Amino acid sequence: MLANLKIAPKLLLMLAIPVLAMFYFAGQHLSTNLQEMRSLQESSALASLATVESAVIHELQKERGLSAGFLGSKGEKFKNELSGQREKTDAVCKKRMAFLETSKGRINAVTKQLESSIAAAQGLSAVRSEVDGLKVEAAQAITVYTKMITADMDLISAVVST
């Protein structure tokens, strides 16, 4: 059968096997590179998330301290500082939400901890209202802030563990 073929088809058949093997191995290499790229993108997003969360933690800690001082002074001290700090806290929380919107699908490894962190942050406006109205003891307000901060720290811990 091969003896009846002309030289051109014989050459094509001889080249076909190496060319097909080359395409196979190129495809395997491409697949591996794509997996590595996705992994690096996820790692980059998680590192950025940790940075954003660190800023949120820092601002919440400062707000917690000023809230305790405000409550301890029965509202006579730290009113202006607390107001300014709340603006800073709100700004970093907005940055976090903007980051999360742009990073959907790249931070799946910490979804559970992220949901806990966001759920804990939902109590921020309520504790602020209670602090402003002096309707809460300092220890209770500190506990609420500490729970928020702990949820954020758990998120960072999960990022580091992935």
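Up top is the structure.
Residues numbered from 1 in each chain as written. Predicted model: local features only at pLDDT ≥ 70, side-chain atom pairs only at ≥ 80, totals over all residues. Heavy atoms only, no water.

A. The arrangement of helix H1 (residues 7-72) in detail. Helix length check: H1, at 66 residues, gives a terminal C-alpha distance of 96 Å against a target of 98 Å (1.5 Å per residue), a fit within 8%. In H1, a bend of some 30 degrees at Ala 16 exceeds every other bend along the element, and Pro 18, a proline, comes one to four places later. Positive backbone phi, approximately 60 degrees, marks Lys 74, located one or two places after H1. (Helix = DSSP H or I, 4+ residues; strand = E, 2+ residues; numbered from the N terminus. Expected span 1.5 Å × (residues − 1). Bend = angle between axes of the 7 residues up to and from the residue.)

B. How the structure looks around the environment of Thr 143. Examined against the element boundaries, Thr 143 turns out to sit in helix H5 (residues 138-161). Assessed through its relative accessible area of 38%, Thr 143 is described here as partly exposed. In this structure the C-alpha to C-alpha distance between Thr 143 and Arg 64, which are 79 residues apart in sequence, comes to 9.2 Å. Within the structure, the side chain of Thr 143 is placed 2.8 Å from the backbone oxygen of Ala 139, a separation counted as a polar contact. (Buried < 20%, exposed > 50% of the residue type's maximum accessible area, 1.4 Å probe, protein only. Polar contact = N/O pair within 3.5 Å; in protein donor to acceptor, adjacent residues only side chain to side chain.)

C. Layout of the layout of surface pockets. Estimated volume of the largest pocket: approximately 180 Å³. The wall of the largest pocket is formed by Met 97, Leu 100, Glu 101, Ser 103, Lys 104, Gly 105, Ile 107, Asn 108, Thr 111, Leu 114, Glu 115 and Ile 118. Of all the secondary structure elements, the ones that give two or more residues to the lining of the largest pocket are helix H2 (79-102) and helix H3 (111-121). Sorting elements by how many residues they give to the lining of the largest pocket places H3 first, with four residues. For the lining of the largest pocket, the residue count by class is five nonpolar, four polar and three charged. (1 Å grid on protein atoms, 1.4 Å probe; cavity = no way out; pocket = protein on both sides within 12 Å on 5 of 7 lines; lining within 4 Å. Points joined across faces, edges and corners; volume = space filled by probe spheres on them. Nonpolar A, V, L, I, M, F, W, Y, C, P; charged D, E, K, R; others polar.)

D. Inspection of unusual backbone geometry at higher detail. Residue Lys 74 is not a glycine yet carries a positive backbone phi of 60 degrees. Along the chain, Lys 74 falls in the loop between H1 and H2. The backbone phi angle of Phe 78 is positive, close to 70 degrees, even though this residue is not glycine. With respect to the secondary-structure elements, Phe 78 resides in the loop between H1 and H2. Under the relative-accessibility criterion, Phe 78 is labelled partly exposed at 34%.

E. Broad picture of the packing of H1 against H2. At their nearest, the axes of H1 and H2 sit 9 Å apart, and the two run at 160 degrees to each other. Regarding the angle of H1 to H2, the classification is roughly antiparallel. The two elements H1 and H2 cross, and the hand of that crossing is left-handed. Of the residues in the contact of H1 with H2, the class split is 13 nonpolar, four polar and nine charged. (Axes fitted to C-alpha atoms, helices over the stretch in contact; angles between N-to-C directions. Parallel < 35°, antiparallel > 145°, perpendicular 65-115°, else oblique. Left-handed = near helix turned anticlockwise from the far one by under 90°.)

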